[in-house]
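Take a look at the letters that make up each chain.
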Amino acid sequence: MKVNRDQVVAMIEEMAAAMAQNKEYLTELDSAIGDADHGINMDRGFRKVLEKLPPVADKDIGTIFKNVAMSLISAVGGAAGPLYGTFFMQFGKIAAGKEELTASDIGAMLAAGLEGIKQRGKAVVGEKTMVDALEPAVEAYSAAADAGKDLVECLRAAVAAAEDGKKATIPLVAKKGRAHYLGERSVGHQDPGATSAELLLRAMLKVLES
Amino acid sequence: MVGIVIISHSLKAAEGIKEIAQQMGREVPIVAVGGTEDGDLGTDPLAIKEAIESIGETDGVLLLVDLGSAVMNTQLAIDMLQDELQKRVVLCNAPILEGAVVAAVEAAMGHTLAQVKRAAEEAGQMEKLL
Ligand SMILES: Nc1ncnc2c1ncn2[C@@H]1O[C@H](COP(=O)(O)OP(=O)(O)OP(=O)(O)O)[C@@H](O)[C@H]1O
Ligand SMILES: [Mg+2]
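Below, the structure is looked at part by part. All values reported here derive from a predicted model rather than from experimental measurement. (Residues numbered from 1 in each chain as written. Chains lettered and ligands numbered in written order. Predicted model: local features only at pLDDT ≥ 70, side-chain atom pairs only at ≥ 80, totals over all residues. Heavy atoms only, no water.)

### Quick look at the coordination of the magnesium ion (ligand 2)
Then comes step 1: Every protein donor of the magnesium ion (ligand 2) is listed here as D30(A) (OD), D35(A) (OD) and D37(A) (OD), and their distances to the metal cover 2.0 to 2.3 Å.
Then comes step 2: For the magnesium ion (ligand 2), the donor residues sit on a single chain with the sequence spacing D-x4-D-x1-D. (Donors = N, O, S within 2.8 Å, 3.2 Å for Na, K, Ca; no water.)

### Considering the sheet that holds strand β4 (residues 89-92) of chain B
Residue and element names in this part refer to chain B.
Then comes step 1: The four strands lie next to each other as β2-β1-β3-β4, forming an open sheet whose pairing is parallel. At either end of the open sheet lies a strand with only one pairing partner, and these are β2 (30-34) and β4. On average, each strand axis in the sheet is tilted by 20 degrees relative to the strand beside it, whichever way the strands run.
Then comes step 2: When strand β3 (residues 61-65) meets β4, the two strands line up parallel, connected through four bridges. If you follow V61 over to β4, its bridge partner there is V89.
Then comes step 3: With respect to the sheet, helix α5 (residues 96-108) is in contact with β1 (3-8), β2 and β3, its orientation differing from that of β1 by roughly 170 degrees. (Pairing = 2+ DSSP bridges. Helix = DSSP H or I, 4+ residues; strand = E, 2+ residues; numbered from the N terminus. Axes fitted to C-alpha atoms, helices over the stretch in contact; angles between N-to-C directions. Contact = heavy atoms within 4.5 Å.)

### Thoughts on the interface of chain A and chain B
Then comes step 1: Between chain A and chain B, the residue contacts involve 15 residues of the former and 18 residues of the latter.
Then comes step 2: Approximately 1400 Å² of surface area, both sides summed, lies buried where chain A meets chain B, with 56% of it carried by carbon and sulfur atoms.
Then comes step 3: Viewed at the interface, chain B and chain A are joined by three salt bridges.
Then comes step 4: R44(A) is the salt-bridge partner of D40(B), the closest N and O atoms lying 2.6 Å from each other.
Then comes step 5: The interface formed by chain A and chain B includes four residue pairs in polar contact (both at pLDDT 80 or more).
Then comes step 6: Listing elements by their share of the side of chain A that touches chain B, those giving two or more residues are α3 (38-52), α4 (61-75), α5 (80-94) and α6 (103-121) of chain A.
Then comes step 7: Taken together, the residues of the side of chain A that touches chain B break down into seven nonpolar, four polar and four charged. (Buried area = accessible area lost by both parts, 1.4 Å probe. Salt bridge = Lys/Arg side-chain N within 4 Å of Asp/Glu carboxyl O. Polar contact = N/O pair within 3.5 Å; in protein donor to acceptor, adjacent residues only side chain to side chain. Nonpolar A, V, L, I, M, F, W, Y, C, P; charged D, E, K, R; others polar.)

What follows is the structure, given as structure tokens:
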């Protein structure tokens, strides 16, 4: 199974829809341990993504993802902007010139995207950030791929791992981002960025399952 | 002369800090940048990049940031600069207000970018309650 350009565009639209639907939820999570803007930031970013999508929707998949990255970088406003911007910029690099993606392309995109986020934000697993959802997701994807699973099964494994990773942020003390200023008071709350990361992966899966 | 860019989540804060620092060095090029594209609190790497480019000084540009995404978005803005300008720009680990005041004094004295940066960073250890 391969993912074509129309499915990539559908994935991006699905991600935007997920951010719009969860705008209040993500903001509420961020109000507990941050500055109550994560949902607002992500929704603003993805509205810009949708606005800038039509002129590139018939280009190669790399160009489409680089465009997503630039929209997020310019419109998000918070930490999620440079982080997810870098994530999708890496997607764009791996997908450069491609008209369709294989399971191994998507695995490489996720791995490169995670690497980009870690370089930009200097976070490692356990610091209560989006990395806590994304790193297990990347590992689960590659384990499923190594076990010979197909694309949908690999992505399903990634989403399940992201969900566990997201929940595992609840007892953690934040070491990065705004929540870091709260120290011990950040314990008992789920990280907003780990939550949006899981939602974005789930949106990609939804398109392949439909 | 070294120029200074002040980067805050709030444009008002950046402009206020610029005003305070400018008193210490009237002729120093200082630019304030802050807020998102739609005027909310936040930072915008493209706006930061433009602010750095607008300084147009040849002796270098010192960047002062407030917190969180201001650091990452400024690093992203630096990555997007032309190589030649990129070499003359440094991000400094100083408190934004005190750092800006000290940097303005040092820049006005014609010091180098490295000297201005070091002085601004030392402003973090300055005793305020004498
Ligand atoms: N250094 C980092 N590395 C990885 N993820 C990070 C880092 N800093 C913050 N995050 C993630 O970003 C999320 C917050 O995103 P949001 O868009 O609300 O930015 P913010 O923290 O409000 O930005 P700002 O620094 O402008 O206040 C956190 O929940 C966390 O998952
Ligand atoms: Mg926030």
